[in-house]
Amino acid sequence: MKTGQLTRFGHTSADIAQDFAEHLKYSLDADVYHATAEGRYTALAYAIRDRIIHQWDLSRKTQRATNSKRVYYLSLEFLMGRAMTNNIINMKLKGEVKEAMAELGYRYEDLADVEPDAGLGNGGLGRLAACFLDSLATMELPAYGYGIRYNYGIFRQQIRNGWQVEQPDNWLRDGNPWEIQRPDLIYPVQFGGEVKVIRENGRDLFKWIGSEQINGMAYDMPIIGYGGNTVNTLRLWSAKAPEEFNFQEFNEGDYTEAVRAKVSAENLSQVLYPNDTLYMGKELRLKQQYFFVACSLADIVRRFKRQNLSWSHFPEFAAIQLNDTHPSLSIPEMMRILIDLEGLGWDEAWDITLNVMGYTNHTLMPEALEKWPLPMIQSILPRHMQIIFEINHRFLQQAVSFFPLQPQMLSKVSIVEETNPKQVRMANLSIIGSHSTNGVAVLHSELLKTTMFPEFNLIFPDRFNNKTNGITQRRWLLDANPPLAAKITEAIGDGWITDYAQISKLAPFADDAAFRSDFAAIKRQAKIAAADFLRKDCSLTVDPDTMFDVQVKRIHEYKRQFLNALDILMIYNRLKKDPQFAASFPPMTFLFGGKAAPGYVNAKLIIKFINNIAKVINADKDVAGKLTVLFMPNYRVTMAEKIIPATNLSEQISTAGTEASGTGNMKFMCNGALTIGTMDGANVEIAQEAGKDNLFIFGHTEEEIAAMRSSYDPYSWVINDPEIKKVVDLIVSGYFNVNEPNIFEPLRRALFDRGDRYFHFADLRDYADTHERARKLYFSDPDEWNRKAILNIAASGKFSSDRTIREYADEIWHVKPCHIELDPNSDTVLADARNPEAVMAGATSGTDAAPTKKIKATKK
């Protein structure tokens, strides 16, 4: 090590090895005989975290010193995955860490594999939030993410006899070495009780007296921008009881009752609710939403009040983004703080609230729009219900001028739905209480204005806008696919890592035979790695010399995993009955992955159906070596990082007009998979960027689906296509039931008795023909396939979350970057450790305080 350099700031392999060894001994009391794999991973995590802490502190101080406006991204879900590899990549320390571990006899990859996924989300919503945090830090935009520190994340999925079985995911079992507990940041959150009105100085003052209190304690995780300059914060709230236990009841021997309040309070942050319509109406879910909103806003307000500015400056200080409607209680909570606690009048409070709030909508499914029973909100949050009533009353007075003598239109835009019981529409509240409502793809944003919320678009035409989703290329290409990333950098330089628009420079290499050959070799290497991962992770055997056709996403009828299965059965039938087809059919592996919400019966049946057809097909000697179908259990971020780089054909086949955006399509695209898909969500923009000739597009458009909805008859599509009819007959005959009679009857009813809501049979023939076209190209002209794959990568520049965040920052949040100097050698440690009372006393008496380093800060 360099003379005088502290090991926890040094970035050489020797420094990292030394710090690892010290943490193993002094933090974990481990030695060569007593160290566990978990202990070694934790020691390395601590060693890396040491190199983050100073820059993290410097980021906060610099942003504060420059009065930088911050983004506060509120999301009930953050699907972060593993932190180790991402942090090391962004700090540009991968080579040094690998060398340090090798010097001590370890493989860095083995230690990284110990880390559990932080599965604090159900799917795309939470993963998008994670990508956004990465982009915010890389682009040096001051930001906090706010969410809940669930003790149990999204369930661990097992497959037993073809069925999904949910197991608890105790991701915190061995602790989380990346987080910092903040016991100094605890906010009381109340529920229930009553609202008292006090008349004072001619004005009604409202005092909410809750009947239950739960405390929220902050846990912080660092979010490191690429290069390590800016380190932002993901602050997660954990529910704590105001008192550990009732000492009197304990003394009286009632031990269970003594801790009941503690257990009840801490249940609030125990479990992430699955993405399931069954949660609607559940009291615990509503409490979770208010709990994290109340803690987050209290924290934002505390930070603002430290500046001693008038409230009129608050919109210049904070931009609060609501990631879907889960944080929508932020609107009445902000009003409660401003009116009840800060004494502002309604109009001023409303103007401030409106200007700081932005809302992102993530769905085109009317039934997925969040609603809460009015009596439940009234009981749990009585003051908030009063505020919502007042917001609604004032809004409807405004709306009536747009819809005179049209009560049915006013009913549509009202926050309160007049059902029995009455419901509170959280999307309506979010639109009314925010200055911006954005969709997440061009098609989605247009449909929000024309189909979902046309009345609101008439009232607030300037509020609706589009922000097409994106992914971070650092996680999904640089980290997930190092060989391809290295090849791209060799060809065009490394500027694409932080300016993904530069990926377009790769396009000419699609016509370079040597580059195509190298790309093919890298893809096969990725398939071998994926096969090895699946063998170790879930005991699945995959042949890397087959074509990998992959559909990985949440299991849902609209995402149409069942359509994929129907096409597989058409292929299976032809292989069995048509010798000529079988002789020319290339070997294929169909890979499925994804979780179904525990209460979603048909989604779980689709998993069962896929596993049953896999069992039959994989055991059939007639198709052995030609056709393999596998369901990969417990799909998660870590699995995605292995499977996506290995994929040849990416299935993005939702019914047109149902998928808001999708981000999996973008991850596959930048890793060189070709897309087979409908013109839905961001597929539309992918086709525009890459050219339709470089994708396999099929199916009815959103307009065609809308036009045929009232007259659609799935029977006619089946009867008029003999090949499809044979598949349906095979399913109905019980061929795939595997000794479970009528097991798939609910799926048959959904497809026929209830009219095939997602148009499987209307799109199946076109899908099957398009799929055959893709297969033939892959095997007859692999060079052309690789050329198209490279062109897809080169066209993926638009789909970086950096571009998305730049649009949010410029057009919604109006925040600017705050540059942080990279300062690996701290000379402020002693100053920061001094007793603050002594520092203040020294300043008052004129004595010298410990020197502190001057912050170098610039806004750019």
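Our structure's up above, just so we're on the same page.
Residues numbered from 1 in each chain as written. Predicted model: local features only at pLDDT ≥ 70, side-chain atom pairs only at ≥ 80, totals over all residues. Heavy atoms only, no water.

Participant: I keep staring at the side chain of aspartate 134 and nothing clicks. Help me out?
Facilitator: Here aspartate 134 is to be found in helix α6 (residues 124-138). On the accessibility criterion, aspartate 134 (5% relative accessible area) is buried. Here the side chain of aspartate 134 touches arginine 474 through a polar contact of 2.8 Å, side chain to side chain. Residues in contact with aspartate 134, not counting those within four places in the same chain, are Asn86, Asn90, Ile223, Ile224, Thr472 and Arg474. (Helix = DSSP H or I, 4+ residues; strand = E, 2+ residues; numbered from the N terminus. Buried < 20%, exposed > 50% of the residue type's maximum accessible area, 1.4 Å probe, protein only. Polar contact = N/O pair within 3.5 Å; in protein donor to acceptor, adjacent residues only side chain to side chain. Contact = heavy atoms within 4.5 Å.)

Participant: Explain the packing of aromatic side chains here, please?
Facilitator: Think of a pair of aromatic rings as described by two things: how far the centres are apart, and how the planes are tilted against each other in angle. Within this structure, the stated rule accounts for 34 aromatic pairs. Measuring from centroid to centroid gives 4.9 Å for phenylalanine 304 and tryptophan 311, while their planes differ by 40 degrees, and the two rings are tilted. Taken individually, phenylalanine 304 and tryptophan 311 each receive the classification buried, so the pair is uniform in this respect. Consider the rings of phenylalanine 698 and tyrosine 767, whose centres lie 4.9 Å apart with planes at 35 degrees: the pair is tilted. With phenylalanine 698 in the loop between β24 (696-697) and α29 (702-708) and tyrosine 767 in helix α33 (residues 760-780), the pair connects residues that are 69 residues apart, well separated along the chain. A single burial state applies to phenylalanine 698 and to tyrosine 767, both of which are buried. One aromatic cluster is present, formed by Tyr72, Tyr144, Tyr146, Tyr187, Trp237, Phe304, Trp311, Phe314 and Phe317 through successive ring pairs. The positively charged end of arginine 149 is found above the aromatic ring belonging to tyrosine 219, 3.8 Å away from the centroid. (Phe/Tyr/Trp six-rings, centres within 6.5 Å; stacked < 30°, edge-to-face > 60°. Lys NZ or Arg CZ within 6 Å of the ring centre and 35° of its normal.)

Participant: Can you help me understand the pairing of strand β1 (residues 70-74) in this one?
Facilitator: As a general feature of sheets, a regular strand has side chains that alternate between the two faces. Among the five residues that make up β1, five are buried, leaving the element largely enclosed by the rest of the structure. Alternating positions in β1 separate into two faces, Arg70, Tyr72 and Leu74 on one and Val71 and Tyr73 on the other, with burial throughout. As judged from the five bridges shared by β1 and strand β12 (residues 318-323), these two strands associate in the parallel manner. Bridge assignment links valine 71 to a residue of β12, and that residue is alanine 319. (Pairing = 2+ DSSP bridges.)

Participant: Explain unusual backbone geometry to me, please; I cannot follow it from the model alone.
Facilitator: Trans peptide bonds make up the majority, and among non-glycine residues the majority have a negative phi. For the peptide bond that leads from asparagine 420 to proline 421, omega is 0 degrees, which places it in the cis range. The topology assignment puts proline 421 in the loop between β15 (416-417) and β16 (423-425). With phi around 55 degrees, phenylalanine 759 is a residue other than glycine that occupies positive phi space. Examined against the element boundaries, phenylalanine 759 turns out to sit in the loop between α32 (745-753) and α33. Of note in this structure, histidine 814 is not a glycine but carries a positive phi near 55 degrees. Structurally, the position occupied by histidine 814 is in the loop between α35 (801-813) and β25 (818-820).

Participant: Is there a simple way to think about the sheet that holds strand β18 (residues 464-466) in this case?
Facilitator: Whenever strands of a sheet pair, they do so through backbone hydrogen bonds, lying parallel or antiparallel. Sheet architecture is open: nine strands sit in the order β7-β10-β11-β4-β1-β12-β13-β17-β18, paired in mixed fashion. The sheet is open, and its two borders are formed by β7 (180-191) and β18, each paired with just one other strand. Neighbour-to-neighbour, the strand axes of this sheet turn through a mean angle of 25 degrees, independent of strand direction. Examined bridge by bridge, strand β13 (residues 357-360) and strand β17 (residues 436-439) share three bridges and lie parallel to one another. In the sheet register, tyrosine 359 faces β17, and the bridge partner there is threonine 437. Running over the sheet, helix α10 (residues 283-305) touches β1, β4 (143-148), β7, β10 (212-224), β11 (231-240) and β12 and is turned about 120 degrees from β7. Along the sheet, helix α13 (residues 346-356) contacts β12 and β13; its crossing angle with β13, the most-contacted strand, is approximately 45 degrees. (Axes fitted to C-alpha atoms, helices over the stretch in contact; angles between N-to-C directions.)

Participant: Is there a simple way to think about the pattern of salt bridges in this case?
Facilitator: For side chains bearing opposite charge, pairing can occur when the charged atoms are close. Throughout the structure, instances matching the rule amount to 60 salt bridges. When the shortest N-O distance is used, the salt bridge between aspartate 299 and arginine 235 registers 2.7 Å. Taken together, the residues span a long stretch of sequence, with aspartate 299 in helix α10 and arginine 235 in strand β11 at a distance of 64 residues. Across the pair, arginine 235 and aspartate 299 agree in class, each one buried. Salt bridges sharing partners connect three or more residues here, namely Arg574, Asp721, Glu723, Arg765, Asp769, Glu772 and Lys776. (Salt bridge = Lys/Arg side-chain N within 4 Å of Asp/Glu carboxyl O.)

Participant: So what exactly am I meant to see when it comes to the sheet that holds strand β14 (residues 371-373) here?
Facilitator: In spatial order, the strands read β14-β16-β15; together these three strands make up an open sheet with antiparallel pairing. Of all strands in the sheet, those with a lone pairing partner are β14 and β15, marking the two edges. Of the strand pairs in this sheet, β15 and β16 are connected by two bridges, and their pairing is antiparallel. Looking at the pairing, glutamate 417 lines up with glutamine 423 of β16.

Participant: I tried to follow the nonpolar core on my own but got confused; where do I start?
Facilitator: Grouped burial of nonpolar side chains is what soluble globular proteins tend to show. By size, the foremost hydrophobic cluster in this structure holds 276 residues, and its most contacted members are Leu44, Phe291, Phe314, Trp496, Leu534, Phe761 and Trp813. With eleven residues, α10 is the single largest residue contributor to this core. When near neighbours in sequence (up to four residues on either side) are disregarded, phenylalanine 761 contacts Leu566, Tyr712, Pro714, Trp717, Val718, Ile724, Val728, Leu751, Phe752 and Asp756. (Core = buried A, V, L, I, M, F, W, Y, C linked by side-chain atoms within 4.5 Å.)

Participant: Help me understand α10 in this model?
Facilitator: Residues spaced three or four apart along an α-helix face the same direction, because each turn holds 3.6 residues. For α10, which comprises 23 residues, the first-to-last C-alpha distance of 32 Å matches the rise-based estimate of 33 Å (1.5 Å per residue) to within 8%. Across the 23 residues of α10, 18 count as buried, placing the element largely inside the fold. (Expected span 1.5 Å × (residues − 1).)

Participant: Explain the packing of α13 against helix α15 (residues 382-399) here, please?
Facilitator: When two helices pack together, you describe them by how their axes are tilted relative to each other and by the distance separating the axes. α15 packs onto α13 with a crossing angle of 90 degrees between their chain directions and a minimal axis gap of 13 Å. Taken together, the axes of α13 and α15 are roughly perpendicular relative to one another. For the pair formed by α13 and α15, the contact residues are Trp346, Asp347 and Trp350 on the first element and Ile387, Glu390, Ile391 and Arg394 on the second. By residue class, the composition of the contact of α13 with α15 is four nonpolar, no polar and three charged. (Parallel < 35°, antiparallel > 145°, perpendicular 65-115°, else oblique. Nonpolar A, V, L, I, M, F, W, Y, C, P; charged D, E, K, R; others polar.)

Participant: What is the right way to look at the pairing of β11 in this model?
Facilitator: Most of β11 is tucked away: nine of the ten residues are buried. When β4 meets β11, the two strands line up parallel, connected through five bridges. Its bridge partner being in β11, isoleucine 148 is matched across the sheet by tryptophan 237. In this structure, β10 lies alongside β11, joined through ten bridges in antiparallel fashion. Looking at β11, one finds that glycine 216 is bridged to alanine 239.

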